[in-house]
Amino acid sequence: MKKCRLLLICSLICSSFFVESCRRRRYDHSSISQSEESFDESFIFSYHEDTNTYSFKLDENFKNEVRNVKVPAKYNDCNVTEIEDNAFKGFEYISSITLPNSISRIGFGALEGCHRIESLSVPFIGETKNDNKYLGYIFGEEAYTSYIKLPQYLKDIYVRDANDIGEGAFYNGVVNTVNFNNGLEEIGGFSFRMAEITAISIPN
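Residues numbered from 1 in each chain as written. Predicted model: local features only at pLDDT ≥ 70, side-chain atom pairs only at ≥ 80, totals over all residues. Heavy atoms only, no water.

Turning our eyes to something else, we now look at the packing of aromatic side chains. Going through the model one piece at a time under the given rule, you end up with twelve aromatic pairs. An angle of 80° between the planes, with centres 4.9 Å apart, marks the rings of F43 and F56 as edge-to-face. Of this pair, F43 sits in strand β1 (residues 43-48) while F56 sits in strand β2 (residues 53-58), and the two are 13 residues apart along the sequence. Each ring, one from F45 and one from Y54, has its centre 6.3 Å from the other, and the planes form 85°; the classification is edge-to-face. Note on accessibility: F45 and Y54 belong to one class, buried. Among the aromatic residues, ring-to-ring pairing joins F43, F45, Y47, Y54, F56, Y75 and F88 into one connected group. (Phe/Tyr/Trp six-rings, centres within 6.5 Å; stacked < 30°, edge-to-face > 60°. Helix = DSSP H or I, 4+ residues; strand = E, 2+ residues; numbered from the N terminus. Buried < 20%, exposed > 50% of the residue type's maximum accessible area, 1.4 Å probe, protein only.)

Another aspect to go through is the sheet that holds strand β11 (residues 174-179). Paired through their backbone hydrogen bonds, the strands of a sheet run either parallel or antiparallel. Across the sheet, six strands lie side by side as β3-β6-β8-β9-β11-β13; this open sheet has parallel pairing. Every interior strand has two partners, whereas the edge strands, β3 (68-70) and β13 (196-201), have only one. Strand-to-strand twist across the sheet, computed as the mean angle between neighbouring axes with direction ignored, equals 10°. Where β11 lies against β13, five bridges are found, and the strand directions are parallel. Along β13, the bridge assignment pairs V178 with I200. (Pairing = 2+ DSSP bridges. Axes fitted to C-alpha atoms, helices over the stretch in contact; angles between N-to-C directions.)

The subject of this paragraph is unusual backbone geometry. Positive phi, normally seen in glycine, also occurs at N76, with a value near 50°. As for its placement among the helices and strands, N76 is situated in the loop between β4 (74-75) and β5 (78-83). Located in the positive-phi region is N86, a residue other than glycine, with phi close to 60°. Note that N86 resides in the loop between β5 and β6 (96-98). What makes N86 partly exposed here is its relative accessible area of 36%.

Rendered as structure tokens:
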């Protein structure tokens with residue numbers, strides 16, 4: 001009798017673990033239909049039922065393999081709206097990242113440790129269009145008052161849908177080009193302090 005109870009308890013624990021694991025990953029690569037784009041196997045999408053959207057991060061098992069990342073705007077016919085905290089953390093061999101305009105939040109430290117990144121294309125600077133409007137936020141900097149030094153290989157930055165740029169956004173960066181979107185209204189103080197930039201495109 002005791003043996004049966006033990007087997008039953010073990011079975012329930014295993015079942016619970018399996019269900020929880022599937023709930024988080026059930027919308028990942030294995031669920032893509034034949035008609036959808038075949039995404040990189042390092043991509044992880046997490047479904048949020050309350051908003052019918054997805055968040056995105058990379059699988060840590062691919063830290064030494066990923067080079068170029070282009071996050072899709074949609075997955076399973078739903079918008080990809082969030083880059084999770086630490087989504088790319090420690091992926092030091094990434095050379096380029098492109099985030100779609102569907103993104104409404106970029107998690108804290110999402111690009112922390114991406115030392116070799118060369119090209120970055122984002123809809124806005126900071127966590128959202130309205131908060132933490134400095135580039136250091138996505139590299140793990142909690143406040144713009146302690147200016148972060150941008151990765152030394154970061155050469156090209158494209159901002160496509162921002163309302164404004166926060167203070168110290170590109171402090172101490174050595175960048176070839178910075179391109180801002182039409183509709184940008186304000187660039188914060190000290191944004192390019194101690195920066196070496198070859199070309200800046202600023203809209204009317």
